[in-house]
Structures are given as structure tokens and as C-alpha cells.
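Listed below, chain by chain, are the residues.
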Amino acid sequence: MAGGAWMVALALLAPGWTGLRARAPSPRLRGARSAAATQMCALPARADDELVDALMAAARAGDVTAVDDAFDRVPHASMVRVHELAAQGVMDAVWVVRCMEDVMRSRMADGASKLRVLLESGEITRMDAALSRLVRDGGADTAFNLVLASNLEHARAACDETMAQLYTHLSTRVQEELEKRAAPAVGLLHRLLRTPDAGLRERVLVDFLAPKTSVALPGAEPIALATPAPPKVTAAQFGDAVRGAVAALASVELRGETVAESVEECRAVAKQAREVVAQHCTADELDAFSRQLAPVLSLIHI
């Protein structure tokens, strides 16, 4: 489930996803939206017309700084609206699109610079330490991750196993560091997407979603609790994390097969979580969880 973990890391964990998700980062990563993702487009929020108007006013005044400041706050639906207006020849919208593209190029260049500095750190332990600092300081944003993914793809295409292994290691470490800093439910979803073994995923789900009815003691029998302790993550919280991931992935314009794979992997995790909730939670919790994830669980296979 590595592909899904990487996409969810960008969608939910990496800073700057909102600004970059509607704009293709490079020719190698550009492609058609998947049919599965298109089905989920009912989930994203509506366009913010006030924000669109403010962006066009800023572009009309030549205020590139205002456009840059709004880059991460622009909902996908609003960018769709701006692109529609630009296609109709509305010059203010055309200028907004051009400003956004300039911001995107600048951020991708900054991501490439961060990766270059990281690679110049030297041995792997120093590189890992530098990467941890980068994540801690908010520098491992979506642009950086997309540059890293693009270089990994290029290394694989060139059959450069040494660099491919290094980029794979860095990608995994970024995901792990982002996961540590995520909300518990989001971190759990990301962890499950990085776990290919179904049996291990089930144990992790039980550990997080099931109320604790006993306390394990080393070298002794577990002690039953008079009142079950609440779970580490509630079914409702985990349901929100899954819905949020799929909604964020729905508007991606990266390669369609990657998006479809990510949506399908989220769906598979949701199904397995529902089985755990059915076994360990109340009937009301199961009913609420099922209704909460109905848009995800009802997706047809593409």
C-alpha cells in the first residue's frame, strides 16, 4: 500500500497541499483524473466566490503578494471557477492563473533546493537528522514531496538503483516524520496504508479502535477492567480521517492510476475497519460508522 500512503501523506499531512493539488507539478506527474476520484467529487467544499473575487481584484491591481498569501487557502472548487473564467477570456482570471503558476514554479524550485541541500548532508544518519529538522520546521511541504517523488521516478526510469533506494528511503522517512505530527486518527490511517500485511493491519485497528477491557501485565494474566477504557481513536474520528483523505484525493490531477490506487487503498482500509468496529464496538457506533463511510464503501471498482 505504499502508493496510497504517499498520496495520503501529501493530502493530509504535508503543508501546502491545498495550493498545489489543483495544479500539475511537472510533465512527468501530470495526467487525467481517475474515474474513482471523480466519483468522490461530491465531497469537496463549494467554491468560495468571495475569495475568487478577492484574488481577481489582487491580480487586477498587480498585487502578486496577495495571490501568494492566498495560495494555500484556495479551495479546489474556487480554482476550478477561476480556470473556467480564464477560459472564457476574463482577463482578471487569466492573471490569477498566471500568478498561481508563478507561485507554483517558485515553490517547486524551492523544493528542489531543499532536496539538493539534503543530499549534500553526507552520510545517511546526517541526512536523516537534516530531514527530521526539515519536517519539524514545516519545510517538508507538498512541493518538496512532489520534487522528491519526481526524482525517484526518474531514478527508476534510468535504472539508477543507488539513487532510487536513497530517494525511497527519504520518502519513507518523510512519511514517518509527518505521521508522528499528525492527529491520531490521520496518523493511524497513514500507518495502515504503509502496512501491507492484512493481519498486522487488523491488530493495529483493534489496538486503536477497540475499547480496552483489560490491562496486560508482563509475565502475568491480564487484569480485567471494571469499566472499559475508551479507545485511542474513536470510530467516528477514524471515519472522518478516511473521508477527509478521499475528499482531498478526489481533485488530484496527478497520474490517474496513482489516484485510483490511493482511493482504492483507503477504501480497503475502511472495509477492514468496519469489520473491527462490528466486532468490538456497539451497534450504534457500527451504524454511525457505516453511514459515515457510505460514500467511500459504495464506490465501484474501476
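Our structure is the block above this text.
Just so you know, these numbers come straight off a predicted model, no measurement behind them.

**Student:** What exactly am I supposed to notice about the nonpolar core here?
**Tutor:** The nonpolar side chains of a soluble globular protein tend to be buried with one another. In terms of nonpolar packing, the biggest core is built from 44 residues, with L55, M100, F144 and L170 touching the most fellow members. Counting residues per element, the ones that place at least two in this core are α4 (49–60), α5 (64–70), α6 (76–87), α7 (91–119), α8 (124–136), α9 (142–157) and α10 (161–180). The element that contributes the greatest number of residues to this core is α7, accounting for eleven residues. Excluding anything up to four places from it in sequence, F144 contacts G111, K114, L115, L118, L131, L134, G139 and V174. Grouped together as the second largest cluster of nonpolar side chains are 31 residues, V204, L205, L209 and A273 included.

**Student:** What is the right way to look at a nonpolar patch on the surface in this model?
**Tutor:** A cluster of nonpolar side chains, contributed by V215, L217, I223 and L225, occupies part of the molecular surface with about 290 Å² of accessible area. Relative to the helices and strands, L225 is located in strand β2 (residues 223–229).

**Student:** What exactly am I supposed to notice about helix α11 (residues 184–193) here?
**Tutor:** Three- or four-residue spacings in an α-helix give side chains the same orientation, since the helix completes a turn every 3.6 residues. Of all ten residues in α11, eight are buried, a share of seventy percent or more. Looking only at α11, the buried set comprises A185, V186, G187, L188, L189, H190, L192 and L193.

**Student:** I would appreciate a short explanation of unusual backbone geometry in the present structure.
**Tutor:** Most of the time, phi is negative for any residue but glycine, and the peptide bond is trans. One non-glycine residue, C159, adopts positive backbone phi at about 60°. Turning to its location among the elements, C159 is positioned in the loop between α9 and α10.

**Student:** Can you walk me through the environment of V296 in this structure?
**Tutor:** Take V296: it is sitting in helix α16 (residues 294–297). In this structure the C-alpha to C-alpha distance between V296 and V246, which are 50 residues apart in sequence, comes to 7.6 Å.

**Student:** Is there a simple way to explain the packing of α7 against α8 in this structure?
**Tutor:** Working note: a packed helix pair is described by the angle between its axes plus the distance between those axes. For the pair α7 and α8, interaxial distance at closest approach is 9 Å and the crossing angle is 150°. One element, α7, and the other, α8, form an angle in the roughly antiparallel class. On the side of α7, the interface is formed by K114, L118 and L119, while α8 contributes M127, A130, L131 and L134. Residues that form the contact of α7 with α8 fall into these classes: six nonpolar, no polar and one charged.

Analysis parameters
- Residues numbered from 1 in each chain as written.
- Predicted model: local features only at pLDDT ≥ 70, side-chain atom pairs only at ≥ 80, totals over all residues.
- Heavy atoms only, no water.
- Core = buried A, V, L, I, M, F, W, Y, C linked by side-chain atoms within 4.5 Å.
- Buried < 20%, exposed > 50% of the residue type's maximum accessible area, 1.4 Å probe, protein only.
- Helix = DSSP H or I, 4+ residues; strand = E, 2+ residues; numbered from the N terminus.
- Contact = heavy atoms within 4.5 Å.
- Patch = residues over 30% accessible without salt bridge, like charges linked within 9 Å, V, L, I, M, F, W, Y side chains within 5 Å.
- Areas by Shrake-Rupley, 256 points an atom, 1.4 Å probe, with all protein chains shown as cover.
- Salt bridge = Lys/Arg side-chain N within 4 Å of Asp/Glu carboxyl O.
- Axes fitted to C-alpha atoms, helices over the stretch in contact; angles between N-to-C directions.
- Parallel < 35°, antiparallel > 145°, perpendicular 65-115°, else oblique.
- Nonpolar A, V, L, I, M, F, W, Y, C, P; charged D, E, K, R; others polar.

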